[in-house]
Each structure stands twice: as C-alpha cells, then as structure tokens.
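Structural features, examined
One-letter residues, chain by chain:
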Amino acid sequence: MKQRRELVASVSEFVRTPPFTDNPSSIRAHLLRNLEDLTEFHRDYCEPYGRILKKLFPQYEKPRSLSDIPYIPVQLFKTLTLRSIKPDEIVKTLTSSGTSGTAPSKVYLDRETASLQSKALTQIMSSILGKARVPMLVIDSPSTATDRSEFSARGAGIRGFSMFGRPIMFALDEKMTPRLGAVKEFSALHGQDKVLLFGFTSVVWESLLENLRNHNGKVSLPHAILLHGGGWKKLTSLAVSATEFAESAKTFLGVQRVINYYGMVEQTGSIFLECENHVLHASTYGDVIIRDAITHSPLPHGEEGLVQSISVLPLSYPGHSILTEDRGVILGQDDCSCGRSGTYFRVLGRIKDAEVRGCSDALAK
Amino acid sequence: MLKYEAAVTLLQSSARAEVLFGTIESASLNDPWYPFDQRVINFLNDLSRRIISSHSARNYPDLITFGFWCRISNITSLQQRQVQNDLEIGRGVSFHIPPSNVPLNCAYSLAVGLLAGNTCIVRLPAASLELDELLRSLGDLQKQQNHDSVVRRLVLLRYGHNDQITTELSGLADVRVIWGGDSTVQHIRTLQTKPRCVDIAFADRVSVALIRSESVLACSEAELQGVCARFVADSLTFGQNACSSPRLVVWQGSEARLTSSASSRFWGKVDEVIRETTAQEPIEVMSRLAELCEVIATSDVVSEINAAGPQTVRLQVSSENGWLESSKLRFGTFSEISVSYLDEVTNLLTEKVQTLTYFGYSTTEIRSWLTERVLARVDHVVPIGNALDFDLIWDGFPMIQMMTRSVRLR
C-alpha cells in the first residue's frame with residue numbers, strides 16, 4: 001500500500017492534468033490506479049469503511065475496471081462518522097441537510113483534501129470561464145452566503161464558487177426577493193463583459209426569474225454564463241422543464257448560455273458540468289457508473305439506473321466511490337459532439353421515496 | 001364534568017381535528033354494551049359484505065383480509081373461544097391510536113373495541129387508498145338506519161401531532177389502545193387520562209421463524225413453494241416492518257450438512273417467489289444496503305454475509321443475543337442461526353420476541369416445548385404464513401378482557 005504522502009502526491013499530480021484530455025484511455029488507467037490506492041488507504045485508515053469493505057466486498061482484490069471499485073451508499077455520510085484522518089487534522093466539515101427531517105451529511109476535510117477540491121473545481125471551471133476571475137452575480141442573498149450554520153449547503157456552495165468572481169454582487173435581498181437596483185447596476189456595469197451568474201436551480205427560478213416575469217423586469221447580460229445546480233426536484237414538482245428555464249433566463253436576463261451542474265457535498269470539487277448539448281460530462285477527476293436499481297450490477301450505456309459517482313479527490317474520507325439515490329443514464333464516452341472527452345450522461349431525478357410501512361411510531365415525528 | 005360538557009369543550013379547542021365519521025358529542029353519550037353484542041356483529045358482517053363485494057376493494061389484499069376477518073362466521077368462532085360471562089361489560093369509551101404506517105391496523109383496533117362493547121374514538125393514520133376504501137364502506141353503512149345504534153358508537157378523526165387534542169380525547173377515554181413503537185407509547189403515557197383509564201400499549205417487538213431442516217428437505221416441490229410463499233407474505237407484506245414479520249430465521253437440524261442443503265433449497269425458492277410476486281422498490285433495496293452497512297460498520301454481530309442477492313440478504317449472526325442488534329434490518333434482511341436441538345432455540349428468545357412462526361413441527365410438539373420452556377419468552381406461536389393474522393389475543397394481551405369490566409357478584 002502506498003504511504004499517505006505518496007497518495008497525496010499522486011492525486012495532486014493527477015489534478016494538474018487538464019479536466020478534459022486528449023488521451024482519455026491513459027487517463028482512465030491512471031484514474032483506476034488512484035482509486036485502487038484510495039480504496040486501500042481508506043480501508044486501512046477509516047475503521048468503519050474497512051469493516052464494510054471486508055464484509056460486503058470479501059472478493060475485492062485488484063480492480064480490473066472502474067466498476068470493480070467498491071462503493072458505499074451516500075446515506076452513510078448521514079448516519080456514520082466516516083473519516084480517514086485524526087480529529088486534529090480536520091480543517092473544515094462540510095454538511096448538507098439532504099431532505100428535511102433527516103440528519104445532515106458530514107464530510108470531514110483536511111488541508112490537502114480541501115486544497116485538492118478547490119484545485120479541481122478551478123480546473124473544471126476554467127474550461128468555461130478561462131483563467132481570470134470574472135464579475136459574478138450570486139442569485140441568493142448575502143446572508144445565505146455568510147450563513148455558516150450546519151445546514152447551509154447553499155452557503156457553502158456560494159462560498160466555494162465565489163473564488164471565480166470579482167467583484168461579487170448579490171441579486172436577492174434577505175427576503176429572497178430581487179434587488180432590482182443591484183441587478184440593473186450589475187448589468188449596466190458588466191453588460192458587455194463575460195460574467196458569471198451563479199445560484200441554486202430552484203432559487204434562480206422561484207426568486208429571480210419568476211419575480212422578474214411578474215414585475216416585467218428585464219436586464220441584458222448577453223455574455224453571461226448562468227451556472228446553476230442543486231437539483232431539479234423542486235422544478236419538476238412545479239413542472240418546469242430545462243428548456244423553459246433556459247428560455248426564461250434568455251428573456252429576462254438576456255443570458256445565452258445556461259449551464260447546469262451536478263455535484264454533491266460528498267464529492268465537492270469534481271463536479272459534472274453540462275455541455276452545449278445539455279448533457280453532463282465527467283471530468284478527468286471522476287467518472288460515473290450506472291447500476292441497476294435492484295441488483296446494483298453495472299449497466300451498459302443507454303440503460304437507466306442508479307448513479308454511482310466517482311472522484312479522485314477524497315483523501316480525508318472514503319467518498320471516492322459513492323452509490324447515490326439519483327437515477328441516470330450514460331449516453332456515451334469520448335464522442336460527444338461538443339468535443340469533450342470522457343463519460344457523458346443525464347441525471348433523471350431521484351428514486352422514489354417508498355412509504356415505509358410498519359407498526360412503529362404512531363405519533364413520533 | 002359531565003361527558004357531554006367535556007365533549008363540547010373538546011370540540012371548541014380541538015377544531016383542528018378533522019372528523020371523518022360520527023360525532024364526539026353523540027358518541028360520548030353511549031352506554032357500554034355486553035361484549036359480542038349482536039348489533040355489533042351484524043354491523044361488522046354488513047361491513048364485511050360490502051368490502052368483499054366491492055370491485056375497488058379487490059386491489060387491496062389487506063382490506064380483503066380484514067373483510068374476511070370481520071364476517072359473522074369468523075367473529076362467532078372468535079366469540080366461542082371467549083369465556084362466556086354475563087357479568088362482563090364494555091368499559092365505556094375506547095380511544096385508539098393506531099400506527100401510521102400499517103393503514104388497516106386501525107380497522108382491527110376499532111372492530112375489537114366495538115366487539116368489547118365500547119364506543120370507539122379512533123385517530124386515523126394518514127390517508128391511504130385502502131383506508132379511503134374502508135371509509136367508503138363505513139359511509140354506506142352510516143346511511144342504513146338499521147345500524148344507527150352502532151354507527152353512533154364510532155368516531156373516526158384525523159389530526160397531526162397534537163398533544164392537546166390527544167390529551168382531551170384521552171380525558172374521555174376509559175381505555176386507550178396505543179399501538180407503538182416504544183417512543184410513542186412512552187410519550188402518550190405522559191398525557192393524562194381519567195384515573196381509572198386502562199392503557200393497552202404495544203411496544204417495539206421482533207419476530208422469529210423456526211424451521212426444521214429435515215422437514216424442508218422432505219418437502220415436495222409444491223409444498224416447498226407453499227411454505228416459501230407463506231414465509232414471503234409474512235415477511236414482506238409490510239416491507240418487513242410489521243412487528244410480527246420474522247427478522248431471524250432459526251434452522252434446527254441434527255447435522256450441519258442437512259441444514260446447509262435445507263437452507264439453500266429454502267432460500268432459492270424464497271428468492272424465486274419474491275422475484276415473481278413482489279415489486280421491489282429501488283429505495284427499499286438502497287435502504288437495505290445502507291442499513292446493513294451501518295450495522296457492520298459499528299458492530300460485530302454479523303459474522304458473515306451468507307448471501308446478498310437482489311431479493312434477500314442473509315446474515316450469519318455471531319452470538320445468541322447479537323441477532324437483536326441485526327434484527328433492526330429490514331426490506332428482506334434475515335439473520336440466521338443454526339441449532340441442533342429445539343432446546344437451544346429457547347435461549348435465543350427474549351421478552352422482545354413477539355411472534356414465533358414455525359415449519360416442520362406438529363402442534364403437539366410445539367405445544368409441549370412451549371409450555372415447558374418458553375411460555376415466558378414469546379407472545380404468538382403460529383405456523384409460517386400466519387404471522388400477520390390478527391387475533392383477539394395480541395402481544396400477550398387478551399384484548400376483549402382488557403377492554404371490558406368484570407362485575408363481582410356473590
């Protein structure tokens with residue numbers, strides 16, 4: 001097994017390679033080796049993970065492909081303390097509330113992992129923004145961004161992406177209604193520049209786009225990129241499609257380029273960005289595998305199943321291979337007409353919450 | 001305070017409760033009746049007829065099962081098992097708090113309450129299709145004047161978590177029927193009742209299946225199919241969430257070799273039955289995996305995973321008491337223990353065990369083992385396939401007796 005120092009060096013070097021490469025097959029071999037090392041590392045340094053591996057994947061030895069890498073369900077970050085570092089090495093704990101009423105996910109970062117995450121995110125973002133910082137309009141309120149309470153995944157997201165913006169302005173006030181003056185000022189100042197608009201999908205729709213529509217407010221930001229993520233669950237319940245979302249952004253913000261991203265707090269940094277063809281792309285630093293929702297066997301491209309998300313970044317916790325509750329489908333690899341290499345896929349929503357039937361807890365919450 | 005005043009006060013402060021059947025004012029004016037009053041039996045039988053003949057009810061096996069349970073022939077046979085005594089009478093008003101997630105548990109609860117001679121106030125669980133169907137059938141009976149006297153004894157209402165309403169309804173009750181789990185029972189017990197009110201409280205329980213290896217090997221293919229289908233029904237009708245669904249399977253065989261071939265024969269067929277009959281939800285399979293990971297990550301009770309297929313997950317548990325830890329796993333997860341003699345099973349049973357289902361033993365054999373050794377450790381002992389059958393004796397409580405009052409006459 002590699003020493004931790006070697007592993008950090010190997011992953012750090014890997015993150016220096018471009019996010020979308022000309023030589024995908026050699027990169028994939030390299031990714032597999034890193035994941036093999038990560039699996040062994042976490043097995044030895046995270047006791048609960050080691051126990052799960054031993055009992056659940058007793059046959060695991062040398063992985064021949066990415067689908068041989070063991071995976072754990074994403075819910076475990078809510079119910080177990082999973083880390084491969086000593087408590088005094090924790091520099092940051094990421095949390096997400098998940099669905100209401102459930103415990104938040106807890107992700108423990110050390111200095112190296114936090115740094116790898118921001119390096120990877122910078123690499124991926126530079127593929128759409130370039131290297132320099134750009135003016136940024138955050139579609140949220142300033143207080144969300146400064147809210148460091150345990151449950152604010154939104155706050156953490158805004159702070160994470162803020163490193164790409166300068167100056168940064170906020171489009172919403174504390175009541176989550178548009179600060180029309182600020183939005184107009186931003187458009188007057190940067191209407192001709194490449195700018196980044198960033199927000200959570202449901203917030204962008206409900207608090208900004210719907211409000212602009214109701215008040216007939218319009219601005220023009222023709223060179224802006226609207227980056228949004230956090231899931232379509234709420235918009236699906238409102239019956240809003242991606243096309244409608246993009247149309248509305250075009251009408252009221254004058255935005256030509258809308259980019260959805262897919263990511264999770266358990267794999268911060270190695271996010272998946274939508275390309276011009278509106279499909280999500282895995283970068284060099286990660287990948288996705290689709291598994292049958294009942295048997296959990298890997299599925300061929302084109303078949304719908306559960307998304308298993310892979311990331312080379314998690315060094316401080318065993319989150320390098322996670323089975324999510326999201327449904328998705330891989331559309332292909334290395335041959336998207338956008339020109340990016342790697343796996344490209346769609347996320348189709350979350351698996352349905354089953355009604356849990358039983359005889360406990362008539363009144364308990 | 002008079003009953004009527006109490007009821008009116010209640011209505012004022014409990015406006016948030018949605019009353020779906022009957023009224024509290026009229027209900028609280030009823031006198032208790034003798035148990036198994038003919039009017040109640042007729043009412044339940046009419047309800048049964050409506051359910052069984054309803055086209056839409058056919059989509060809900062739970063409802064049909066209840067329909068058969070409350071027909072006159074079954075009720076009279078249940079009555080015959082009761083000690084006949086004309087000095088017993090209903091306690092008065094019964095208040096039922098059924099579980100939220102076995103939708104029709106409330107139907108059995110109210111039927112027993114009525115049969116015991118009581119007025120029943122039932123806090124219904126959240127709406128579900130089968131419950132709506134039951135309410136429709138009850139609504140039909142409400143329109144028939146011949147059932148007026150029984151209809152007046154029934155109040156069905158629905159409200160969110162609200163201690164004020166629960167307290168006020170508790171204040172009307174002479175008996176409360178509190179379906180668990182433990183935390184609900186503990187909580188409801190903190191809410192005040194009349195001094196003489198009796199609580200029947202159902203705690204969190206777990207259940208066990210006992211199988212004789214030699215009997216599985218001796219089964220014909222058809223017999224095997226039958227017992228496996230019954231086992232699956234016991235286990236998965238409520239996603240293994242019902243207290244009486246087995247979580248532990250104990251194999252009794254004179255030789256390890258026999259048990260090993262019996263269990264592979266049995267589980268092979270069980271998996272096949274599940275594949276053919278049960279629509280597994282991705283979220284259940286996912287939760288099963290996550291919960292299993294939690295248990296193996298935090299304890300040593302699982303010594304080995306015997307099999308982890310898409311239909312069932314079977315765990316070898318390491319110690320006699322360890323299985324209670326792994327018994328919280330659901331959605332088709334079974335802990336397994338092998339023993340050579342029936343006596344070894346005794347040590348596996350604790351006061352947490354509600355139901356023991358068995359296969360491969362005669363009633364006489366089971367009865368003599370039960371009465372000699374294990375009576376103190378289990379509440380229901382029934383053949384595999386009958387775990388979910390509702391009975392007037394439940395969780396060790398003779399429900400009719402507990403909901404009636406006995407008058408001493410010398």
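Please read all numbers here as calculations on a predicted model, not as lab measurements. (Residues numbered from 1 in each chain as written. Chains lettered and ligands numbered in written order. Predicted model: local features only at pLDDT ≥ 70, side-chain atom pairs only at ≥ 80, totals over all residues.)

Another point: the overall build of chain A. Looking only at helices and strands, chain A features 11 helices and 14 strands. In terms of C-alpha radius of gyration, chain A reaches 21 Å, essentially the compact-globule figure of 21 Å for 365 residues. Along the three orthogonal principal directions, the C-alpha set of chain A runs to about 60 × 60 × 45 Å. Here chain A holds 365 residues, and the buried ones make up 45% of them. In chain A, once contacts between residues fewer than 6 apart in sequence are set aside, the share between residues at least 24 apart is 69%. (Helix = DSSP H or I, 4+ residues; strand = E, 2+ residues; numbered from the N terminus. Rg over C-alpha atoms; globule rule 2.2 N^0.38 Å. Buried ≥ 20, exposed ≤ 12 C-beta atoms within 10 Å, placed from the backbone. Contact = placed C-beta atoms within 7 Å.)

Before going further, it helps to examine the confidence of the model for chain B. Averaged over all residues, the pLDDT of chain B is 91; the fraction at 70 or higher stands at 95%. Quick note on the complex model: pTM equals 0.86, ipTM equals 0.90. (pLDDT = per-residue confidence, 0-100.)

Moving on to the sheet that holds strand β9 (residues 246-252) of chain B. Residues and elements named next belong to chain B. Strand order in the open sheet made by the seven strands is β10-β11-β12-β9-β8-β13-β14, with mixed pairing throughout. Every interior strand has two partners, whereas the edge strands, β10 (302-308) and β14 (380-383), have only one. Geometrically, the sheet is characterised by an average inter-axis angle of 25° between neighbouring strands, direction not taken into account. With four bridges connecting them, strand β13 (residues 353-359) and β14 associate as parallel partners. (Pairing = 2+ DSSP bridges. Axes fitted to C-alpha atoms, helices over the stretch in contact; angles between N-to-C directions.)

The next thing to look at is the domain arrangement of chain B. The domains assigned to chain B are domain 1 (3-204) and domain 2 (206-383). Summarising the inter-unit geometry, the C-alpha centres of domain 1 of chain B and domain 2 of chain B are found 33 Å apart. (Domains from an automatic or database assignment.)

Another aspect to go through is the environment of Leu116(A). All names here are of chain A. Inspection of the secondary structure assignment puts Leu116 in helix α5 (residues 111-129). Residue classification places Leu116 among the buried positions, given that 27 C-beta atoms sit within 10 Å. Residues Leu116 and Gly269, spaced 153 residues apart in sequence, show a C-alpha to C-alpha distance of 7.8 Å. Those residues in contact with Leu116 that sit more than four places away from it in its chain are Val11, Ser12, Val15, Gly269, Leu313 and Leu315.

The next thing to look at is the interface of chain A and chain B. If you look at the interface, chain A gives 31 residues, while chain B gives 38 residues. For the side of chain A that touches chain B, the elements supplying multiple residues, two or more each, are α3 (47-56), β1 (72-73) and α4 (76-79) of chain A. By residue number, the principal contributor to the side of chain A that touches chain B is α3(A), which donates five residues. The residue inventory of the side of chain A that touches chain B, partitioned by class, reads 17 nonpolar, five polar and nine charged. (Nonpolar A, V, L, I, M, F, W, Y, C, P; charged D, E, K, R; others polar.)

All names here are of chain A. We note that the domain assignment places domain 1 (4-117 + 275-349) and domain 2 (132-262) within chain A. Computed from C-alpha atoms alone, the centre-to-centre distance between domain 1 and domain 2 is 28 Å. Listed per partner, the contact involves nine residues of domain 1 and nine residues of domain 2. When contributions to the side of domain 1 that touches domain 2 are tallied by element, the ones reaching two or more residues are β2 (92-96) and β14 (343-350). In terms of residue class, the side of domain 1 that touches domain 2 is made up of four nonpolar, five polar and no charged.

Attention shifts here to the nonpolar core. In a soluble, globular protein the nonpolar side chains are often hidden away together inside. With 138 residues, the main nonpolar core has Ile139(A), Leu197(A) and Val250(B) as its most contacted residues. When residues in this core are grouped by element, the largest group, eight residues, is from helix α14 (residues 282-298) of chain B. For Leu197(A), the residues in contact, after removing those within four places along its chain, are Leu137(A), Ile139(A), Ala224(A), Ile225(A), Leu226(A), Leu227(A) and Val255(A). Counting 61 residues, the second largest nonpolar core, distinct from the first, contains Leu115(B), Leu138(B), Val185(B) and Leu392(B). (Core = buried A, V, L, I, M, F, W, Y, C linked by C-beta atoms within 7 Å.)

Once that is clear, we can look at the packing of helix α9 (residues 201-214) of chain A against helix α11 (residues 242-253) of chain A. Residues and elements named next belong to chain A. The N-to-C vectors of α9 and α11 enclose an angle of 55°; their axes lie 10 Å apart at closest approach. Judged on the interaxial angle alone, α11 and α9 are oblique. In the packing of α9 onto α11, the handedness of the crossing is left-handed. Residues Trp205, Leu209, Leu212 and Arg213 of α9 form the contact with α11, whose own contacting residues are Phe245, Ser248, Ala249 and Phe252. In terms of residue class, the contact of α9 with α11 is built from six nonpolar, one polar and one charged. (Parallel < 35°, antiparallel > 145°, perpendicular 65-115°, else oblique. Left-handed = near helix turned anticlockwise from the far one by under 90°.)

Moving on, we get to unusual backbone geometry. The residue after Arg166(A), namely Pro167(A), is reached through a cis peptide bond having omega -5°. When you line up the elements, Pro167(A) lands in strand β5 (residues 165-170). Here the phi dihedral of Phe331(B) falls at roughly 55°; this positive angle occurs in a residue that is not glycine.

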